[in-house]
Amino acid sequence: GTTGGTQKVVDFMNSNYSFPYSVVAQGTKVFYGGPRNGTTNYGSEGVELYVIDGTGPAQLVVDIVPGSGSSFPTDLTVLGSKVVFRATTPALGWE
């Protein structure tokens, strides 16, 4: 890539303590497991799977643990045209 063609899609360091659990690019999209806004304020969805395409804010892909609970998606991997990952739920644990 080039400097002119590079842009920030999310600022994971806009707070004292923030992080994505896992990040993977697929085409023009970036998928990550973490809080929507890249901060420790997990909001109403918790730590889930989000996607960013650089044209707007992160969008929730799936709310595995509904509400403010968190599934902590990790180990994101591109597999063909899909993104696969591990996540946890209170009922089933890690899958």
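Residues numbered from 1 in each chain as written. Predicted model: local features only at pLDDT ≥ 70, side-chain atom pairs only at ≥ 80, totals over all residues. Heavy atoms only, no water.

K.L.:
Describe the overall build of the protein chain, listing the residues and the values that go with them.
P.N.:
When you go through the protein chain residue by residue, the secondary structure sums to zero helices and eight strands. In the protein chain, the succession of α and β elements from N to C terminus is β-β-β-β-β-β-β-β. The buried share of the protein chain, reckoned over its 95 residues, is 33%. For the protein chain, long-range pairs separated by at least 24 residues make up 31% of all intrachain contacts whose partners lie at least 6 apart in sequence. (Helix = DSSP H or I, 4+ residues; strand = E, 2+ residues; numbered from the N terminus. Buried < 20%, exposed > 50% of the residue type's maximum accessible area, 1.4 Å probe, protein only. Contact = heavy atoms within 4.5 Å.)

K.L.:
Go over the sheet that holds strand E3 (residues 48-52) with me, naming the residues and quoting the values.
P.N.:
The four strands are arranged E1-E2-E3-E4 in an open sheet whose pairing can be described as antiparallel. On the outer flanks of this sheet lie strand E1 (22-26) and strand E4 (59-62), each paired with one strand and no other. Here the strands of the sheet are splayed against their neighbours by 30° on average, with no regard to which way each runs. The pairing of E1 with strand E2 (residues 29-34) spans five bridges and is antiparallel. Bridging from a neighbouring strand, Ser 22 pairs with Gly 33 of E2. (Pairing = 2+ DSSP bridges. Axes fitted to C-alpha atoms, helices over the stretch in contact; angles between N-to-C directions.)

K.L.:
Quick one: what's the story with the pairing of E3, residue by residue and with numbers?
P.N.:
Taking burial as the measure, the five residues of E3 include five buried ones, the bulk of the element. Pairing between E3 and E4: three bridges, direction antiparallel. Within E4, the residue paired with Tyr 50 across the bridge is Leu 60. Remark: six residues form the turn of the hairpin made by E3 and E4, two consecutive strands paired antiparallel; Gly 54 in that turn has positive phi of roughly 90°.

K.L.:
Tell me about the side chain of Glu 48, residues and numbers included.
P.N.:
Here Glu 48 shows up in strand E3. In this structure Glu 48 comes out as buried when scored by relative accessible area, which is 0%. Aside from chain neighbours lying at most four places away, what touches Glu 48 is Tyr 32, Gly 33, Gly 34, Leu 60, Val 62, Asp 63, Ile 64, Val 65, Gly 69, Ser 70, Ser 71 and Pro 73.

K.L.:
Before we move on, can you summarise the pattern of salt bridges with the specific residues and values?
P.N.:
Considering all chains together, one arrives at one salt bridge under this definition. Here Asp 75 ties to Arg 86 by a salt bridge, and the two come within 2.7 Å at their closest N and O atoms. With Asp 75 in strand E5 (residues 74-79) and Arg 86 in strand E6 (residues 82-86), the pair connects residues that are eleven residues apart, well separated along the chain. (Salt bridge = Lys/Arg side-chain N within 4 Å of Asp/Glu carboxyl O.)

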